[in-house]
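# Tertiary structure, described
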Amino acid sequence: MLEKDNHVFEKTAIVGIITQNQDEEKLNEYLDELEFLTFTAGGEVFKRFSQKMDKPNPKTFVGSGKLEEIKTFVKENDISTVIFDDELSPSQQKNINRELGDECKVLDRTNLILDIFAQRAQTSYARTQVELAQYQYLLPRLTGMWTHLERQRGGIGMRGPGETEIETDRRIVRDRIALLKEKIKTIDKQMAIQRGNRGALVRVALVGYTNVGKSTLMNAIGKSEVFVENKLFATLDTTVRKVVIKNLPFLLSDTVGFIRKLPTQLVESFKSTLDEVREADLLLHVVDISHPDFEDHIASVNDILKEIKSDDKPTIMVFNKIDAYKPAYFDTDNLAIEKESKHFTLDEWKHTWMSKMGKNNALFISATNKINFEEFREKVYEAVREIHITRFPYNNFLYPEYKEATDQE
């Protein structure tokens, strides 16, 4: 443990591999994100380990030489946790644990994300969803967690009790999973009734990668106090607010942020929370354009939207944090270097694939500094109005074109 600025951090090392599908640049991006996840969970990364391999070692994820190097570093530097960037199989986790010893915890990316979700869950519903995901992750790994029993009481005549205890634990976990699923089913019914009681108002959902500024945007539009912090998964619970732009009311919901390699257990247990997205009439896909990997983030969010069958909804792309965007330096005199997307200015970005999205479907704003905020409100108004007058044609006269409405003020 390490104390810093009155905060206690766990001393951590992180591990990833370079494969045919994941080059060194991509691995560094993932490890950057893993380091931020570790910081969010309360750890400080002291070293990164990487290895070039065709595929992960089925026994220990990395090679034996690299594992020995990690083991030496862990012992010499009093590292309490080693986190692997991909999900470890139960046998890999067991073998690595055996090598690194009882004093060092071995986690994978999935376990780390589940831990952050458990810390962040505020409501009973979110806690139930996270607990279900944790038990589903734990079930196939129970045998590995009983290795201490083999060492302490192993040998002739002592093989039975260990197995019996594991089987007992498995039954307890399965019963708990069944109970949590029933609990979630009951809450889902209540939430479905709540959503049904909201009437026929147009529903708009904020979606996007974690830490892109959805909650800040929610606070700016809805004048609500949604928790905001520069950490991953600051918001887990869906917040729904009634918002009025000019005289047009609609419902705006802020949903849980997505992330690359999102654990399948979480997608499963949070599917009901994502019903807000499924039932939305319009999506505002918020993107942190100042993040170097924002294009990957967009692809990850689109994959999850596809998974929950919401990829065909009307969508406005909201490129946020333009005040923080800084292109990488590009030497125009150096002919040996080719200009890449990281060198693009905002204006140059607007003329790439973004220009094909149509005039109304890409906005560039800063939610914190309210840059281009009026344009954002206008576009949202127009999109909501279009859906509203289709639903209530007789209300058309109540909601004139936005420009006409502003001219009359």
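Residues numbered from 1 in each chain as written. Predicted model: local features only at pLDDT ≥ 70, side-chain atom pairs only at ≥ 80, totals over all residues. Heavy atoms only, no water.

This part takes up the overall build of the protein chain. Counting its regular elements, the protein chain contains 15 helices and 11 strands. Burial statistics for the protein chain: of 409 residues in total, 48% are counted as buried. Sequence-distant contacts, at least 24 apart, represent 70% of the contacts inside the protein chain between residues at least 6 apart. A total accessible area of about 21000 Å² is found for the protein chain, and carbon and sulfur atoms account for 50% of it. (Helix = DSSP H or I, 4+ residues; strand = E, 2+ residues; numbered from the N terminus. Buried < 20%, exposed > 50% of the residue type's maximum accessible area, 1.4 Å probe, protein only. Contact = heavy atoms within 4.5 Å. Areas by Shrake-Rupley, 256 points an atom, 1.4 Å probe, with all protein chains shown as cover.)

Residues Asp-23, Glu-24, Glu-25, Glu-338 and Glu-340 make up a contiguous surface patch of negative charge. Its place among the elements puts Glu-24 in helix α1 (residues 24-41). Among the residues examined, Glu-24 registers a relative accessible area of 51% and is labelled exposed. (Patch = residues over 30% accessible without salt bridge, like charges linked within 9 Å, V, L, I, M, F, W, Y side chains within 5 Å. Salt bridge = Lys/Arg side-chain N within 4 Å of Asp/Glu carboxyl O. Lys, Arg positive; Asp, Glu negative; His and termini not counted. Charge placed at Lys NZ, Arg CZ, Asp CG, Glu CD.)

Moving on, we come to helix α4 (residues 109-120). Given a rise of 1.5 Å per residue, 12 residues ought to cover 16 Å, and the 17 Å separating the end C-alpha atoms of α4 matches this to within 8%. In terms of residue burial, α4 counts as a mostly covered element, since nine of its 12 residues are buried. Taken residue by residue, α4 has Arg-109, Thr-110, Asn-111, Leu-112, Ile-113, Leu-114, Ile-116, Phe-117 and Arg-120 as its buried positions. (Expected span 1.5 Å × (residues − 1).)

What follows concerns helix α5 (residues 124-138). For α5, which comprises 15 residues, the first-to-last C-alpha distance of 21 Å matches the rise-based estimate of 21 Å (1.5 Å per residue) to within 8%. Those residues of α5 lying buried are Tyr-125, Ala-126, Thr-128, Gln-129, Val-130, Leu-132, Ala-133 and Tyr-137.

Even without glycine at this site, Asp-78 takes up a positive phi of about 55 degrees. Structurally, Asp-78 is set in the loop between α2 (64-77) and β4 (81-84). When its relative accessible area of 55% is taken as the criterion, Asp-78 is described as exposed. Backbone geometry at Asn-211 places phi at a positive 65 degrees, although glycine is not the residue there. Tracing the chain through its elements places Asn-211 in the loop between β6 (203-208) and α9 (214-222).

Turning our attention to the packing of aromatic side chains. Taken as a whole and judged by the stated rule, the model has nine aromatic pairs. The structure contains a cluster of three or more aromatic residues connected by ring pairs, namely Phe-294, Phe-319, Phe-344, Trp-349 and Phe-364. Of note, Lys-47 hangs over the ring of Phe-73, and the distance from its end group to the ring centre comes to 5.8 Å. Lying over the aromatic face of Phe-364, Lys-350 brings its terminal NZ or CZ to 4.8 Å of the ring centre. (Phe/Tyr/Trp six-rings, centres within 6.5 Å; stacked < 30°, edge-to-face > 60°. Lys NZ or Arg CZ within 6 Å of the ring centre and 35° of its normal.)

A separate point is the sheet that holds strand β7 (residues 239-245). In space, the six strands of this open sheet follow the order β7-β8-β6-β9-β10-β11, with mixed pairing throughout. Every interior strand has two partners, whereas the edge strands, β7 and β11 (362-364), have only one. Adjacent strand axes in the sheet meet at a mean angle of 25 degrees, parallel and antiparallel pairs treated alike. Sheet topology places β7 next to strand β8 (residues 248-254); seven bridges connect them, and they run antiparallel. Counterpart to Ile-245 in the pairing with β8 is Leu-248. Each of β6, β9 (282-288) and β10 (315-320) touches helix α12 (residues 294-307); the most contacted strand, β9, lies at about 150 degrees to it. (Pairing = 2+ DSSP bridges. Axes fitted to C-alpha atoms, helices over the stretch in contact; angles between N-to-C directions.)

On to the pattern of salt bridges, then. Tallied over the full model, the rule gives 13 salt bridges. Salt-bridge contacts for Glu-33 lead to Arg-109; the nearest nitrogen and oxygen are separated by 2.4 Å. Within this pair, whereas Glu-33 is found in helix α1, its partner Arg-109 is found in helix α4, the two being separated by 76 residues in sequence. We note that Glu-33, like Arg-109, is buried. Across the pair Glu-279 and Arg-203 runs a salt bridge, and its minimum N-O distance is 2.9 Å. Here the residue Glu-279 occupies a position in the loop between α11 (275-278) and β9, and Arg-203 occupies one in strand β6, the gap between them amounting to 76 residues. The exposure class of Glu-279 is partly exposed, given its relative accessible area of 34%. Arg-203 gets classed as buried once you look at its relative accessible area, which sits at 13%. One network of salt bridges, with partners in common, ties together Lys-26, Glu-29 and Asp-296.

Quick look at the nonpolar core now. Core analysis: the biggest nonpolar cluster contains 64 residues, and Leu-217, Phe-250, Leu-252, Leu-284 and Phe-376 have the highest contact counts within it. Looking at this core, the element that brings in the most residues is helix α14 (residues 373-391), giving seven residues. Judged by nonpolar contacts, the second largest core, of 19 residues, contains Ile-70, Val-82, Ile-96 and Leu-100. (Core = buried A, V, L, I, M, F, W, Y, C linked by side-chain atoms within 4.5 Å.)

On a regular strand, each side chain points to the face opposite its neighbour's, so the side chains alternate between the two faces of the sheet. Neither face of β4 is open: one carries Thr-81 and Ile-83, the other Val-82 and Phe-84, and all of them are buried. Where β4 meets strand β5 (residues 105-108), four bridges bridge the pair, whose relative direction is parallel. Within the sheet, the bridge partner assigned to Val-82 lies in β5 and is Val-106. Note that the unit made of β4, helix α3 (residues 90-100) and β5 has a crossover that is right-handed. (Right-handed = clockwise from strand over helix to strand, strands pointing away.)

Attention shifts here to the confidence of the model for the protein chain. In low-pLDDT regions, the fine details of the predicted coordinates are not to be read closely. The share of residues in the protein chain with pLDDT of 70 or more is 78%, and the mean pLDDT across the chain is 79. Below a pLDDT of 50 lies the segment residues 146-163, which in the model reaches 12 contacts outside its immediate sequence neighbourhood of four places, other chains included. Every residue in residues 402-409 scores below 50 in pLDDT, and together they form 11 contacts with partners more than four places removed in sequence or on other chains. (pLDDT = per-residue confidence, 0-100.)

With respect to the helices and strands, the residue Thr-38 is situated in helix α1. Discounting chain neighbours no more than four positions away, the residues touching Thr-38 are Thr-12, Ile-14, Gly-43, Glu-44, Val-45, Ile-83 and Leu-112.

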